[in-house]
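# Descriptive analysis of the structure
Spelled out from the first residue to the last, the chains are:
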Amino acid sequence: MEYSYDLKGNNLYIEENRIPAYSLEENEIGNCTSCDSILMSLSYHAAGERTLVVTKCISCGAFYANVYDSGWNWVDEVQVSLLPIPIPISNQIIDDWKGLEAIPIKKLEAVFSRGEIEALFARAKDETPTRQYLYRARKKYKLFEEIFDIELAF
């Protein structure tokens, strides 16, 4: 049987059957069969009389599903493949103040300094920004687009 996991929705798939997580609790589950490091649980799934715990190795990054019976006795360990995370085809283009204001500040702070953010807002409002900060911010536009798939165009 093929086991796959959706990191975004925390769903486990066995063949075509989707098994949603009933818990996202993080616990040490055991040791990795690949590198003997610690396995941390990502999610817990009920499948009939069995419970499946999806785990990730903290060292090598391998994903497994540990299978337990109804009495929480370990039954088996199965390697899990990750489902691809969909990537949007078209970028969102922000070219005005309203669009810039709609971007969560945490995203802006992840790439730009406080002064650069202030310069971006000043430019978007057609005010005079601090030239130095705007210049630095524009050098980071491509990085911001790569991380968040949002293109800044002002």
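For the structure, see preceding data.
Residues numbered from 1 in each chain as written. Predicted model: local features only at pLDDT ≥ 70, side-chain atom pairs only at ≥ 80, totals over all residues. Heavy atoms only, no water.

## Remarks on the side chain of T55
As for its placement among the helices and strands, T55 is situated in strand β6 (residues 50–57). At 3.4 Å, the side chain of T55 forms a polar contact with the side chain of N66. Those residues within four positions of T55 in sequence are excluded, and the remaining contacts are I29, L39, M40, S41, L42, A62, F63, Y64 and N66. (Helix = DSSP H or I, 4+ residues; strand = E, 2+ residues; numbered from the N terminus. Polar contact = N/O pair within 3.5 Å; in protein donor to acceptor, adjacent residues only side chain to side chain. Contact = heavy atoms within 4.5 Å.)

## Here we look at the sheet that holds strand β2 (residues 11–14)
Spatially, β3-β2-β1-β9 is the arrangement adopted by the four strands of the open sheet, whose pairing is mixed. The strands lining the two open edges of the sheet, one partner per strand, are β3 (17–20) and β9 (81–82). Judged from the four bridges that link them, strand β1 (residues 3–6) and β2 form a sheet pairing that is antiparallel. Across the sheet, residue D6 finds its bridge partner in β2, namely N11. (Pairing = 2+ DSSP bridges.)

## Examining the packing of helix α3 (residues 114–124) against helix α4 (residues 131–139)
Between two packed helices, what matters for the description is the angle formed by their axes and the separation of those axes. Interaxial distance between α3 and α4 falls to 8 Å at its minimum, and their mutual angle equals 95°. Here α4 runs roughly perpendicular to α3, going by the angle between their axes. Contact residues: G115, E116, A119, L120 and R123 in α3; Y133, L134, R136, A137 and R138 in α4. A class-by-class count of the residues in the contact of α3 with α4 yields five nonpolar, one polar and four charged. (Axes fitted to C-alpha atoms, helices over the stretch in contact; angles between N-to-C directions. Parallel < 35°, antiparallel > 145°, perpendicular 65-115°, else oblique. Nonpolar A, V, L, I, M, F, W, Y, C, P; charged D, E, K, R; others polar.)

## What about the side chain of S41?
Residue placement: S41 occurs in strand β5 (residues 38–47). Owing to a relative accessible area of 1%, S41 belongs among the buried residues under this scheme. A distance of 2.7 Å separates the side chain of S41 from the backbone oxygen of E25, its partner in a polar contact. At 2.8 Å, the side chain of S41 forms a polar contact with the backbone nitrogen of N27. Once residues within four sequence positions are removed from consideration, S41 is found in contact with E25, E26, N27, I29, V53, V54 and T55. (Buried < 20%, exposed > 50% of the residue type's maximum accessible area, 1.4 Å probe, protein only.)

## Observations regarding the environment of V80
Looking at the secondary structure, you find V80 in the loop between β8 (74–79) and β9. Sequence separation between V80 and N66 is 14 residues; the distance between their C-alpha atoms is 9.9 Å. Contact partners of V80, with chain neighbours within four places excluded, come to Y3, S4, Y5, F63, Y64 and A65.

## Considerations on the environment of G115
Looking at the element boundaries, G115 is found in helix α3. Look at G115 and you get buried, because its relative accessible area is 15%. When the C-alpha atoms of G115 and Y68 are compared, they prove to be 54 Å apart, with 47 residues separating the residues in sequence.

## Observations regarding the environment of P129
Its location among the elements puts P129 in the loop between α3 and α4. Of the residues examined, P129 reaches a relative accessible area of 18% and is grouped as buried. Expressed as a C-alpha distance, the spacing of P129 and L143, which sit 14 residues apart in the sequence, is 21 Å. Ignoring any residue separated from it by four or fewer positions in sequence, one finds P129 in contact with A119, A122, R123 and L134.

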